Each structure stands twice: as C-alpha cells, then as structure tokens.
Amino acid sequence: MELLLIFLSAAIVNNFVLSYFLGICPFIGVSNKLTSAFSMGVATTFVLVLTAVVTWMINNLILLPAGLDYLQYVSFILVIASLVQFVEMFIKKTSQPLYRALGIYLPLITTNCAILGLALFMALRDYSMMESIFFGLGAGTGFTLALVIMAGIREELELADIPKPFRGVPITLITAGLLAMAFMGFSGLI
Amino acid sequence: MSKSNSPLNDFMNGIWKQNPIFKQVLGTCPTLAVTVSIVNGVAMGLATTFVLLFSSLIISMIKKLIPNQVRIAAYIVVIATFVTIVDIVMKAQFPDLSKALGPFIPLIVVNCIILGRAEAFASKNTVVRSGFDALGMGAGFTLALIVIGSIREILGSNKLFGFVVLPDTVEPMLIFILPAGAFLTLGILFGIANNYEQKKKDKEIQKAITAERSTKLVTAPASVQTETEEA
C-alpha cells in the first residue's frame with residue numbers, strides 16, 4: 001500500500017513536470033509529435049528506474065557509511081551520465097530502429113533535471129530500496145503522461161490560429177499552465 | 001552575434017540579445033520553480049551566476065588539457081564541484097533560504113545554461129572573455145528571475161520583498177504562487193518579448209526598404225538622364 005502511494009504521488013499528485021518543474025527542457029523540446037514523445041517518455045522512465053537502483057546503492061552502501069555525503073552531487077551526476085551512455089550502447093546493439101527513432105534525445109537524458117532530481121529526493125526522504133524503485137517508476141510514468149498529453153494537444157495546436165508572437169514556446173508554456181491547473185484537481189487524492 | 005571582442009559586448013550579450021531564458025530557452029526548470037518570491041529569485045540567480053562564472057573560468061583555463069571525447073563529463077565534474085561549494089556555504093550561512101530553494105540548488109548541476117555556455121563559449125574563448133560572458137549570462141538570468149519573481153509575488157501574495165504593497169481590498173491571486181501560475185507568467189512574458197522583438201525587426205525592415213527607395217530615387221533621375229543622352 002505504501003509503495004502504491006509513493007507511485008501514485010510521484011505519477012499524478014506531485015507530477016514531476018507539472019508541479020516540481022523537473023524535466024521542462026525535453027517537455028518543451030520533444031513534445032511536437034506523439035510517437036517521439038512516447039518513446040522519449042519510455043526511455044526516460046527506464047533511466048529513472050536504473051538511476052534509482054544504482055544511486056540508492058551508492059548513497060547507502062558507499063557514501064553514507066564512509067561519511068562522504070558531500071560527494072553526492074558529483075557521484076550522482078557521474079553515475080547518471082555513465083548510465084545514459086550504457087543505455088545508449090545497449091539500445092544501439094539490440095534495436096536499431098528504436099535507436100534511430102530516439103536519435104539525439106537519448107544522450108540529452110543526462111541533463112534532464114528529473115533524473116538528478118529523483119536521486120536527490122530519494123536521498124532527502126531516506127527511501128528504502130523498494131520505495132526508490134517505485135518512486136522512479138512513478139516519476140517516469142508521470143513524465144510520460146505529461147509528455148504524451150502535451151504532444152497530443154500540440155498536434156491539434158498546429159491547426160489553431162495563434163497570435164504570431166505566441167507561437168512556439170509561449171503557447172506551449174501557457175498550455176502547460178492550464179494542464180498544471182487540471183492536475184491540481186488531484187491534490188486531494190492522497 | 002557581435003563581431004567585436006570587447007568584454008563589455010560579451011557582457012551585454014547575455015542581458016538581452018542572447019538572454020538565456022527569453023532567447024535561448026535554457027534553464028527553464030529553476031526559473032519556474034523558484035520564482036515564488038523575488039528573494040528566492042535573486043538568491044537562485046546569484047548562486048547560478050557564481051557557479052557559471054567559476055566553472056567558465058576553470059573550463060576555459062583547462063580546455064586544452066581535456067580530451068575531446070570526455071569533455072562533457074569533465075565539464076560536469078567541474079560544475080558539480082562548484083555547486084557543492086555553493087550548497088554547503090548556503091546551508092551554513094542562509095539556512096532559511098537553502099530550505100526554501102530545496103533541491104533546486106543541487107539541480108544547478110544540470111542547469112543547461114552552465115553546460116551550454118561551457119560548450120558554446122568557454123571551451124573556445126580566452127579566460128577573460130569567458131569570464132565576462134559568464135557574468136553577462138548570469139546577470140541576464142538573474143534579471144529574468146527578478147522580473148518573473150516580482151510579478152508572481154505581487155499578484156500572488158500582494159507583497160514585494162516580503163512587504164505588503166497592495167491594499168487588503170485586492171484579493172491575492174493564489175494561482176500565481178502555484179505551479180500553474182509559473183507557467184502562465186512565463187508564457188505571457190515570453191509572448192511579450194517575442195512581440196517586442198518582432199516589432200523591432202519590422203521597423204528595421206521598414207527602414208531598410210525606405211533607405212533602398214531613397215537611393216533608388218537618387219539614382220533614378222541619373223539613369224533617365226543617361227537614357228535621354230543616348231537617345
């Protein structure tokens with residue numbers, strides 16, 4: 001039950017994109033098309049879960065017992081960068097079409113603040129291993145959800161008559177604002 | 001953008017011409033998250049400027065020592081080191097501010113402005129120029145945060161710098177402190193900035209057209225003259 005709550009909280013109530021503002025760059029950059037938005041969401045979710053496992057181990061088995069917690073940021077970001085590199089190599093070897101579909105967005109996952117944010121929140125809240133995995137899964141689901149909804153809206157927006165200065169980024173931000181308002185409705189859920 | 005290499009130009013570039021938020025759309029995450037009040041915005045801006053300045057200086061100093069393949073990882077380690085310093089200092093000196101900004105201080109590590117400037121500017125230019133570029137970018141970022149922060153603080157809680165500025169009869173619009181308000185404020189400001197830029201461009205085009213016309217007017221009689229002479 002506890003795990004389910006963590007999952008739901010990260011995915012919907014405290015959505016990473018719409019209420020913590022983590023991962024806004026890909027949210028604005030990759031939400032043009034539904035298909036690429038979905039693949040991006042899945043790839044990010046995968047990296048999020050892997051990061052949750054590895055950074056939990058590093059934080060709780062190496063850094064904290066040795067009293068090196070001031071090295072958290074440096075070691076977390078190095079772990080994330082190498083994980084992303086590893087995932088990229090793995091996808092390239094196993095599935096060429098997926099690799100081509102994700103293209104440049106794959107290495108950019110490193111600088112997605114959602115990933116480092118997840119690692120920091122985990123360390124801050126003292127989650128256990130299992131809780132961390134569900135937290136990562138929830139964060140990834142929430143990210144994918146927000147990205148896919150946004151991409152769907154933006155595909156429709158292409159046909160809309162938007163005032164010229166508001167085309168592109170501004171209207172995306174305003175749409176995100178309305179989405180965030182809609183997600184506020186979930187705040188009583190937990 | 002500008003061809004002259006003067007440090008002042010590098011500095012001014014970041015404030016408007018290449019403003020990290022309104023022109024390059026970098027670093028949107030902290031922009032939206034911390035601008036609940038103007039104080040938070042200023043603190044975040046200064047912290048980012050500090051990290052940006054020192055990492056730019058160091059990176060432009062050691063740019064020749066870093067092998068090309070591992071440069072991004074090397075940049076990130078330099079950046080993360082300075083972020084750790086900022087975080088520790090803030091925790092000790094301003095515990096309240098550090099708590100208010102929460103995980104967004106460590107998240108400066110993945111702020112695309114810093115890595116972006118390291119890759120686009122500091123790794124190609126001299127130490128002095130990189131320093132001024134970093135200061136300009138930091139100032140532009142801080143200014144944008146101040147603008148957004150003050151709008152959200154006035155509308156959302158009737159306050160500015162924590163002092164009440166609007167009378168009680170004005171109901172504070174809570175939505176502006178909530179996440180949705182952050183998106184709306186930035187979206188509308190972005191539109192206004194685009195509009196201003198568009199108008200400026202239109203004016204320049206208009207100017208160019210009229211200038212062309214006047215030169216044509218000057219040359220036209222001359223050509224007429226030559227034609228008549230030929231006839």
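Worth saying up front: this structure is predicted, and the values here are computed from it rather than measured.

Definitions and limits used
Residues numbered from 1 in each chain as written. Chains lettered and ligands numbered in written order. Predicted model: local features only at pLDDT ≥ 70, side-chain atom pairs only at ≥ 80, totals over all residues. Core = buried A, V, L, I, M, F, W, Y, C linked by C-beta atoms within 7 Å. Buried ≥ 20, exposed ≤ 12 C-beta atoms within 10 Å, placed from the backbone. Contact = placed C-beta atoms within 7 Å. Helix = DSSP H or I, 4+ residues; strand = E, 2+ residues; numbered from the N terminus. Nonpolar A, V, L, I, M, F, W, Y, C, P; charged D, E, K, R; others polar. Expected span 1.5 Å × (residues − 1). Axes fitted to C-alpha atoms, helices over the stretch in contact; angles between N-to-C directions. Parallel < 35°, antiparallel > 145°, perpendicular 65-115°, else oblique. Left-handed = near helix turned anticlockwise from the far one by under 90°.

**Examining the nonpolar core**
- The biggest cluster of nonpolar side chains holds 105 residues, and the ones touching the most others in it are Leu116 and Leu118 of chain A together with Ile79, Val109 and Phe183 of chain B.
- When residues no more than four places from it in sequence are discounted, the contact partners of Phe183 of chain B are Leu173, Ile174, Ala176, Gly177 and Ala180 of chain A together with Leu32 of chain B.

**As for the interface of chain B and chain A**
- Listed by partner, the interface residues are 32 residues for chain B and 31 residues for chain A.
- Where the side of chain B that touches chain A is concerned, the elements lending two or more residues are helix H2 (28–34), helix H4 (71–93), helix H6 (112–122) and helix H8 (179–230) of chain B.
- At 11 residues, the largest contribution of residues to the side of chain B that touches chain A is made by H8 of chain B.
- Of the residues assigned to the side of chain B that touches chain A, the class counts are 24 nonpolar, 8 polar and no charged.

**Things to note about the environment of Asn40 of chain B**
- In this structure, Asn40 of chain B sits in helix H3 (residues 38–61).
- Spatially, the C-alpha atom of Asn40 of chain B lies 7.5 Å from that of Ala100 of chain B, the residues being 60 residues apart in sequence.

**Description of unusual backbone geometry**
All names here are of chain A.
- Look at Phe21: it is not a glycine, yet its phi comes out positive at around 55°.
- Even without glycine at this site, Asp126 takes up a positive phi of about 60°.
- With respect to the element layout, Asp126 can be found in the loop between helix H7 (113–125) and helix H8 (129–157).
- Asp126 gets classed as exposed once you count the C-beta atoms within 10 Å, which come to 9.

**Remarks on helix H7 (residues 127–157) of chain B**
- Counted at 1.5 Å a residue, the expected span for H7 of chain B with its 31 residues is 45 Å, and the 43 Å between its end C-alpha atoms agrees.
- Positive backbone phi, approximately 60°, marks Asn158 of chain B, located one or two places after H7 of chain B.

**Section: the packing of H6 of chain B against H7 of chain B**
All names here are of chain B.
- Between H6 and H7, the least distance of the axes is 11 Å, while the angle of their chain directions is 150°. Relative to H7, the element H6 lies roughly antiparallel. The hand of the H6/H7 crossing is right-handed. On the side of H6, the interface is formed by Ile113, Arg117, Phe121 and Ala122, while H7 contributes Ser130, Asp133, Ala134, Met137 and Phe141.

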